[in-house]
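Listed here are the chains, written in short residue letters.
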Amino acid sequence: KNEVEQSPQNLTAQEGEFITINCSYSVGISALHWLQQHPGGGIVSLFMLSSGKKKHGRLIATINIQEKHSSLHITASHPRDSAVYICAVDPGGFNKFYFGSGTKLNVKP
Amino acid sequence: KAGVTQTPRYLIKTRGQQVTLSCSPISGHRSVSWYQQTPGQGLQFLFEYFSETQRNKGNFPGRFSGRQFSNSRSEMNVSTLELGDSALYLCASRSDGVGELFFGEGSRLTVL
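Residues numbered from 1 in each chain as written. Chains lettered and ligands numbered in written order. Predicted model: local features only at pLDDT ≥ 70, side-chain atom pairs only at ≥ 80, totals over all residues. Heavy atoms only, no water.

**Focus: the interface of chain B and chain A**
Each partner contributes to the interface: chain B provides 24 residues, whereas chain A provides 17 residues. For the pair chain B and chain A, the two sides together bury roughly 1700 Å², of which 55% comes from carbon and sulfur. Sorting the residues of chain B by area buried against chain A places Leu43(B), Arg94(B) and Phe103(B) first, and these three jointly supply 30% of that buried surface. Applying the counting criterion to the chain B and chain A interface returns 1 salt bridge. Counting across the chain B and chain A interface gives 6 residue pairs in polar contact (both at pLDDT 80 or more). Taken together, the elements giving at least two residues each to the side of chain B that touches chain A come down to strand S4 (31-38), strand S5 (42-50), strand S6 (53-57) and strand S9 (87-94) of chain B. (Contact = heavy atoms within 4.5 Å. Buried area = accessible area lost by both parts, 1.4 Å probe. Salt bridge = Lys/Arg side-chain N within 4 Å of Asp/Glu carboxyl O. Polar contact = N/O pair within 3.5 Å; in protein donor to acceptor, adjacent residues only side chain to side chain. Helix = DSSP H or I, 4+ residues; strand = E, 2+ residues; numbered from the N terminus.)

**Considering the sheet that holds strand S8 (residues 74-78) of chain B**
Residues and elements named next belong to chain B. The strand order across the open sheet built from 4 strands is S1-S3-S8-S7, with neighbouring strands paired in antiparallel fashion. Edge positions in the sheet fall to strand S1 (5-7) and strand S7 (64-68), since each has one partner strand and no second. Here the average twist between neighbouring strands, direction ignored, is 15°. In this sheet, strand S3 (residues 19-24) lies alongside S1 in antiparallel orientation, the contact comprising 3 bridges. Its bridge partner lying in S3, Gln6 is registered against Cys23. (Pairing = 2+ DSSP bridges. Axes fitted to C-alpha atoms, helices over the stretch in contact; angles between N-to-C directions.)

**So, the nonpolar core**
Ranked by size, the top nonpolar core spans 22 residues in total, and within it Ile19(A), Leu32(A), Trp34(A), Leu72(A), Tyr85(A), Cys87(A) and Val89(A) carry the most contacts. Taken together, the elements giving at least two residues each to this core come down to strand S3 (19-25), strand S4 (31-37), strand S5 (43-49), strand S7 (59-64), strand S8 (69-74), strand S9 (83-90) and strand S11 (103-108) of chain A. In contact with Val89(A), other than residues within four places in its own chain, are Val4(A), Tyr25(A), Val27(A), Ile29(A), Ala31(A), Leu32(A), Phe97(A) and Tyr98(A). If you look at the next biggest cluster of nonpolar residues, it comprises 21 residues, including Cys23(B), Phe64(B), Val78(B) and Cys91(B). (Core = buried A, V, L, I, M, F, W, Y, C linked by side-chain atoms within 4.5 Å. Buried < 20%, exposed > 50% of the residue type's maximum accessible area, 1.4 Å probe, protein only.)

In structure tokens form, the structure reads like this:
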């Protein structure tokens with residue numbers, strides 16, 4: 001049983017396209033995190049959400065607590081956005097996150 | 001401000017050996033958590049420490065253990081290594097157990 005489901009698993013886009021990655025979860029949460037992982041392994045936290053919407057540059061993250069769903073949008077995608085994007089939900093238990101399987105994004109020039 | 005530092009970055013061990021990995025959190029952060037990442041299972045929570053106390057533990061066998069020192073640096077140990085322990089081990093720190101997570105670059109363990 002997967003507490004967190006992400007889609008799509010793989011995504012190829014042309015530079016400039018608008019991209020959406022979806023995350024659905026089945027547990028109660030205190031917050032949801034969107035993470036970015038580049039080849040080599042290091043992970044960067046992009047957003048932490050508990051309600052509504054956040055924007056940082058070309059990235060937008062939204063969450064609907066009632067529907068248990070979150071989306072990560074990338075506007076005007078660029079090859080440097082190529083990475084694995086991971087959704088992580090925090091049920092409020094001292095960093096015992098549940099992770100999605102990740103979305104591998106490849107943006108072609 | 002220095003980020004989260006993990007050492008060593010890469011290591012190779014053989015079955016039956018043990019390994020110790022180190023994580024230095026961002027200065028001032030008291031919460032350190034550890035995660036295992038494998039191609040098959042993805043990211044999984046190992047344990048979390050806050051002010052030298054383990055507050056939560058994931059579903060891993062007792063061969064996986066950890067500790068945190070008074071300066072918030074943390075170590076994790078895996079004893080009697082198995083092939084399936086080959087993974088990227090990531091640590092993350094938070095200032096107070098909530099808020100943004102900051103990850104290290106990871107320690108990539110290969111068990112032969």
